[in-house]
Amino acid sequence: TTALAVHPNPSRVLCIGLGDGHMAATVADDPRVKELVIVELNASLRQVLGRTAQGKLLIDSPKVRHEVADGRRWLISNSDERFDLILMWPLHAAHAHSGSLFSLEFLSLCRDRLTDGGILFLRTVDAYSTARCRWPVKWVDQSMRSWGTV
């Protein structure tokens, strides 16, 4: 992912939501990553993805830890955890209950779980429909051509 290219030493990575497994598999395959924690609400998704090559990589990798939980609740319950990267590609903010993943409260939880120099990589379909936050966030536009701060 783009976040791997930007962070100089992404040793610990948190992936909130497994999706199709591609983003997590890319992270697990990076030799700089020592631990990847995947927090996924849907318990059966891991088994479904396990039928694919990238899913098998995630299941078999000793550096991957799977947590079946709601991302927000997991962050609250694991306040001692810190990550170099937090990656998310949630549903569009207009979908049922996913809007809370774009709230200032949730983004603050993510910020508090980052190491110094850590990066939150939040991919969204429409950056203009997500809430603006009050702390610096690096972003890259859909074409991956430019960086900015929200």
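Residues numbered from 1 in each chain as written. Predicted model: local features only at pLDDT ≥ 70, side-chain atom pairs only at ≥ 80, totals over all residues. Heavy atoms only, no water.

Q: Can you lay out the environment of Arg32 for me, pointing to particular residues and giving the numbers?
A: Looking at where Arg32 falls in the secondary structure, it is placed in the loop between helix H2 (22-29) and strand E2 (35-40). Given the relative accessible area of 28%, Arg32 is considered partly exposed. Between the C-alpha atom of Arg32 and that of Pro10, which follows or precedes it by 22 residues, the distance is 6.2 Å. Contacts of Arg32, omitting those with residues within four sequence positions, involve Leu4, His7, Pro8, Asn9, Pro10 and Ser11. Within the structure, Arg32 has its side chain in polar contact with the backbone oxygen of Leu4 (distance 2.9 Å). (Helix = DSSP H or I, 4+ residues; strand = E, 2+ residues; numbered from the N terminus. Buried < 20%, exposed > 50% of the residue type's maximum accessible area, 1.4 Å probe, protein only. Contact = heavy atoms within 4.5 Å. Polar contact = N/O pair within 3.5 Å; in protein donor to acceptor, adjacent residues only side chain to side chain.)

Q: A description of the nonpolar core should follow, citing residues and the corresponding values.
A: Inside soluble globular proteins, nonpolar side chains tend to come together where they are buried. Among the nonpolar cores identified, the biggest contains 21 residues, and Leu36, Ile38, Leu58 and Leu87 are the most heavily contacted of them. When contributions to this core are tallied by element, the ones reaching two or more residues are helix H1 (2-6), strand E1 (12-16), H2, E2, helix H3 (45-49), strand E4 (83-88) and strand E5 (114-122). Core analysis: the second largest hydrophobic core is formed by 16 residues, Val37, Met88, Phe106 and Cys110 among them. (Core = buried A, V, L, I, M, F, W, Y, C linked by side-chain atoms within 4.5 Å.)

Q: Could you give an account of the side chain of Arg113, naming the residues involved and the relevant values?
A: Mapped onto the elements, Arg113 comes out in the loop between helix H6 (104-112) and E5. One buried charge, Arg113, has no salt-bridge partner; the nearest side chain with opposite charge is Asp112, at 4.5 Å. (Lys, Arg positive; Asp, Glu negative; His and termini not counted. Salt bridge = Lys/Arg side-chain N within 4 Å of Asp/Glu carboxyl O.)

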